[in-house]
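One letter stands for each residue in the lines below.
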Amino acid sequence: MARTYWAAGSAVGLALLFAVGATVATAGGADSAPEASRTPGLYSADAGFARDMAVHHQQAVEMSFIVRDRTKDEPVRVLAYDIANTQANQRGMLLGWLDMWGLPKVVADEPPMSWMGAGDAHGTAGHDMAGHDMGGAVTKPGALMPGMATKEDLARLGSAEGRDAEVLYLRLMTDHHKGGVAMAQGCADVCANPAERALAQGMVEAQQSELRLMADMLKQRGADPTAAE
């Protein structure tokens, strides 16, 4: 168990190091790669990922704070704190990039995930996800993006206690991470800004490690990690 926590913690730390490096690279001006100095277009993969992942991360932070009040189990509370802290920091970076690029945080005519069909990260995104592996993540009816919980899911989490809250959180966050990994891998594949690609790759590695950790934690609580929430 300790080794599993160390691995997850290392992955979280790696993601934060990528985040720091991303800020330096993006602010590097003439010394940065040419792609880093170009302002992404409104419908580019870079901008779309930043907008969508900021929303995706915000829900992970919300769920993590909810479960910390619903259980006294220290491993779950530690995991929830780590996820909330990491994803809040990354969300701030994504929104900061949008501000720096002079781009809005919300675009009314941009469907969620449309950037994953982008052929040119500085041009106009296509509006399909053909060719992108979503890693088994699905978009539930009433949810905005793959892996995200619904309002009903959040209400159930907020009313659960003890082991029930722990298992529900771990299952909801497992789905959430699967969607997040697929989105981050999409940016790592198609985003033009090298700093943003590095941050996205850090997200992939950290969340994959946490997926393994959460599967172990579900088993320890007598819950089937492969069962649908």
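Here is what the cut-offs are and how they apply
Residues numbered from 1 in each chain as written. Predicted model: local features only at pLDDT ≥ 70, side-chain atom pairs only at ≥ 80, totals over all residues. Heavy atoms only, no water. Helix = DSSP H or I, 4+ residues; strand = E, 2+ residues; numbered from the N terminus. Buried < 20%, exposed > 50% of the residue type's maximum accessible area, 1.4 Å probe, protein only. Contact = heavy atoms within 4.5 Å. Areas by Shrake-Rupley, 256 points an atom, 1.4 Å probe, with all protein chains shown as cover. Phe/Tyr/Trp six-rings, centres within 6.5 Å; stacked < 30°, edge-to-face > 60°. Axes fitted to C-alpha atoms, helices over the stretch in contact; angles between N-to-C directions. Left-handed = near helix turned anticlockwise from the far one by under 90°. Nonpolar A, V, L, I, M, F, W, Y, C, P; charged D, E, K, R; others polar. pLDDT = per-residue confidence, 0-100. Parallel < 35°, antiparallel > 145°, perpendicular 65-115°, else oblique. Core = buried A, V, L, I, M, F, W, Y, C linked by side-chain atoms within 4.5 Å. 1 Å grid on protein atoms, 1.4 Å probe; cavity = no way out; pocket = protein on both sides within 12 Å on 5 of 7 lines; lining within 4 Å. Points joined across faces, edges and corners; volume = space filled by probe spheres on them.

S.K.: Help me out: how do you make sense of the overall build of the protein chain in this one?
M.R.: Of the regular secondary structure elements, the protein chain holds seven helices and zero strands. In sequence order, the secondary structure elements of the protein chain are arranged as α-α-α-α-α-α-α. Looking at the protein chain residue by residue over its 229 residues, the buried ones come to 48%. Summarising the internal contacts of the protein chain: among those between residues at least 6 apart in sequence, 78% fall at separations of at least 24. Here the protein chain has roughly 10200 Å² of accessible surface; of this, 55% comes from carbon and sulfur atoms.

S.K.: Looking at this structure, how should I read unusual backbone geometry?
M.R.: Glycine aside, residues mostly have negative phi angles, and peptide bonds mostly take the trans form. Even without glycine at this site, Met113 takes up a positive phi of about 75 degrees. In this structure, Met113 sits in the loop between helix H4 (74-101) and helix H5 (151-159).

S.K.: Sorry if this is basic, but what is going on with the packing of aromatic side chains here?
M.R.: One pair of aromatic rings is described through two measures. These are the centre distance and the angle between the planes. All told, the structure shown has two aromatic pairs when counted by the stated rule. Taken together, a centroid distance of 5.4 Å and an interplanar angle of 75 degrees make the contact between Phe49 and Trp115 edge-to-face. Of this pair, Phe49 sits in helix H3 (residues 45-68) while Trp115 sits in the loop between H4 and H5, and the two are 66 residues apart along the sequence.

S.K.: Is there a simple way to think about the packing of H4 against helix H6 (residues 162-190) in this case?
M.R.: How two helices sit against one another is set out by the angle between their axes and by the gap between those axes. It is at 11 Å that the axes of H4 and H6 come closest, and there the two elements cross at 35 degrees. In this structure, the crossing between H4 and H6 has a hand that is left-handed. Here H4 contributes Val76, Leu79, Ala80, Ile83 and Gln87 to the contact with H6, which in turn contributes Glu166, Tyr169, Leu170, Met173 and His177. Grouping the amino acids of the contact of H4 with H6 by side-chain chemistry returns seven nonpolar, two polar and one charged.

S.K.: Is there a simple way to think about the confidence of the model for the protein chain in this case?
M.R.: Should pLDDT be low for a region, the predicted coordinates there are not to be read in detail. For the protein chain, the mean per-residue pLDDT works out to 83, and 74% of the residues sit at or above 70. Within the protein chain, the lowest mean pLDDT, 47, falls on helix H1 (residues 2-26), and the highest, 98, falls on H3. In the predicted structure, residues 2-8 sits below a pLDDT of 50 and forms 10 contacts with residues beyond four places in sequence or in another chain. Contacts from residues 119-131, a stretch scored under 50 in pLDDT, to residues over four places away or in other chains number 32 contacts.

S.K.: Before we go on, may I ask you to explain the environment of Ala88 in this structure?
M.R.: By the element assignment, Ala88 lies in helix H4. Note: C-alpha distance between Ala88 and Gln58 (30 residues apart in sequence) is 7.0 Å.

S.K.: How do you make sense of the side chain of His57 when you look at a structure like this?
M.R.: Within the secondary structure, His57 is located in helix H3. With residues near it in sequence (within four places) discarded, His57 still touches Gln87, Gln90, Arg91, Met203 and Gln207.

S.K.: Which parts of the structure should I look at to understand the packing of H3 against H4?
M.R.: Direction vectors running N to C along H3 and H4 enclose 155 degrees, while the axes themselves pass 8 Å from each other. The angle between the axes of H3 and H4 places the two elements in the roughly antiparallel class. In this structure, the crossing between H3 and H4 has a hand that is left-handed. Its residues assigned to classes, the contact of H3 with H4 shows 19 nonpolar, five polar and five charged.

S.K.: Help me understand the nonpolar core in this model?
M.R.: A general trend in soluble globular proteins is that nonpolar side chains are found buried together. Phe49, Met63, Leu79, Leu94, Leu157 and Tyr169 are the most contacted members of the largest nonpolar core, which has 53 residues in total. For this core, the secondary structure elements donating two or more residues are H3, H4, H5, H6 and helix H7 (194-220). Residue contributions to this core peak at 11 residues, all from H6. Setting aside anything within four residues of it in sequence, one finds Leu94 in contact with Phe49, Ala50, Met53, Ala54, Glu196, Leu199 and Met203.

S.K.: Looking at this structure, I do not really get the layout of surface pockets. What am I missing?
M.R.: One way to see where empty space is left: roll a probe the size of a water molecule over the atoms. Roughly 170 Å³ of volume is contained in the second largest pocket. Taken together, the residues that form the lining of the second largest pocket break down as six nonpolar, no polar and four charged.

S.K.: Please explain empty space enclosed by the protein as it appears in this structure.
M.R.: Following the criterion strictly, the structure yields one cavity of 30 Å³ or more and no others. Of the pockets and cavities examined, the largest cavity occupies roughly 50 Å³. What lines the largest cavity is Asp82, Ile83, Thr86, Gln87, Gln90, Met203, Ala206, Gln207 and Glu210. Every element with two or more residues in the lining of the largest cavity is listed here: H4 and H7. Ranked by residue count, the leading element in the lining of the largest cavity is H4, at five residues. Residue composition of the lining of the largest cavity, grouped by class: three nonpolar, four polar and two charged.

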